[in-house]
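What follows is the residue order along each chain.
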Amino acid sequence: MTEPTSRPGAAARRAATPAASSWRRAFLAALAETSNVARAARKAGVTTSTAYDTRRKKPDFARQWRDALCEGYDNLEMELLGRLREGEVKRATGAKMGVRSFDNATAFRLLSVHREGAAQARAERAHLSAADIRAALERKIAAMRAQVLARQEAELPLIEGPSPKAGPAEAHNAD
């Protein structure tokens, strides 16, 4: 019977990987701090593929990953709000005084990419079921539909014809 072959270097990589519990804690802490998987993996001493494989195979780790990202993006959002309120002072080369800048387009794009995942993690932390979330969405959609119908009804042109107060003779003359 032949022994299964492994890829070259696999044993060395396994030996170099820290114990699962220690790297996971370090990875999750770094992910919450940086919101960056590659940087978190480097800080934890593992490859990004190890982190992604573990997330795929371990549902509890996947949940902790989402929570860490949610925390990281909450922190990013708070930093962004601070920049929006106060701006960033940037000094041109050789200038004695800086100029306050409020350009945060990149941060907005980054937040929008991850907003759905963060919202899902918040819902899970709040113990909302899929049915609760669906019901809330349906209520919002129904309210929006009612607003649209009311707006359309208000914009409809009045139908020409007898006024409601007109008597039979006036109605006949209207034709």
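So, here is what we can say about the structure in this document. Just so it is clear, the structure is predicted and the values come from calculations on it, not from any experiment.

## Quick word on the pattern of salt bridges
Summed over all chains, the structure comprises 4 salt bridges. With a shortest N-O distance of 2.3 Å, aspartate 53 and arginine 56 are connected by a salt bridge. Highlighted residues: aspartate 53 and arginine 56, both in helix 4 (residues 48-57), separated by 3 residues, approximately one helical turn. For aspartate 53, a relative accessible area of 30% puts it in the partly exposed group. Overall, arginine 56 belongs to the exposed group, its relative accessible area being 61%.

## Considering the packing of aromatic side chains
This structure, assessed with the given rule, holds 6 aromatic pairs. For the ring pair phenylalanine 27 and phenylalanine 61, a centre distance of 6.0 Å and an interplane angle of 45° mean the geometry is tilted. Remark: phenylalanine 61 occurs in helix 5 (residues 59-86) and phenylalanine 27 occurs in helix 2 (residues 20-34); sequence separation between them is 34 residues. Phenylalanine 61 shares its class with phenylalanine 27; the two are buried. Measuring from ring centre to ring centre gives 5.2 Å for tyrosine 52 and tryptophan 65, while their planes differ by 40°; the resulting arrangement is tilted. Of this pair, tyrosine 52 sits in helix 4 while tryptophan 65 sits in helix 5, and the two are 13 residues apart along the sequence. Overall, the relative accessible area of 1% leaves tryptophan 65 in the buried class. The rings of Trp23, Phe27, Tyr52, Phe61 and Trp65 are connected pair by pair, giving a single aromatic cluster.

Cut-offs and rules
- Residues numbered from 1 in each chain as written.
- Predicted model: local features only at pLDDT ≥ 70, side-chain atom pairs only at ≥ 80, totals over all residues.
- Heavy atoms only, no water.
- Salt bridge = Lys/Arg side-chain N within 4 Å of Asp/Glu carboxyl O.
- Helix = DSSP H or I, 4+ residues; strand = E, 2+ residues; numbered from the N terminus.
- Buried < 20%, exposed > 50% of the residue type's maximum accessible area, 1.4 Å probe, protein only.
- Phe/Tyr/Trp six-rings, centres within 6.5 Å; stacked < 30°, edge-to-face > 60°.

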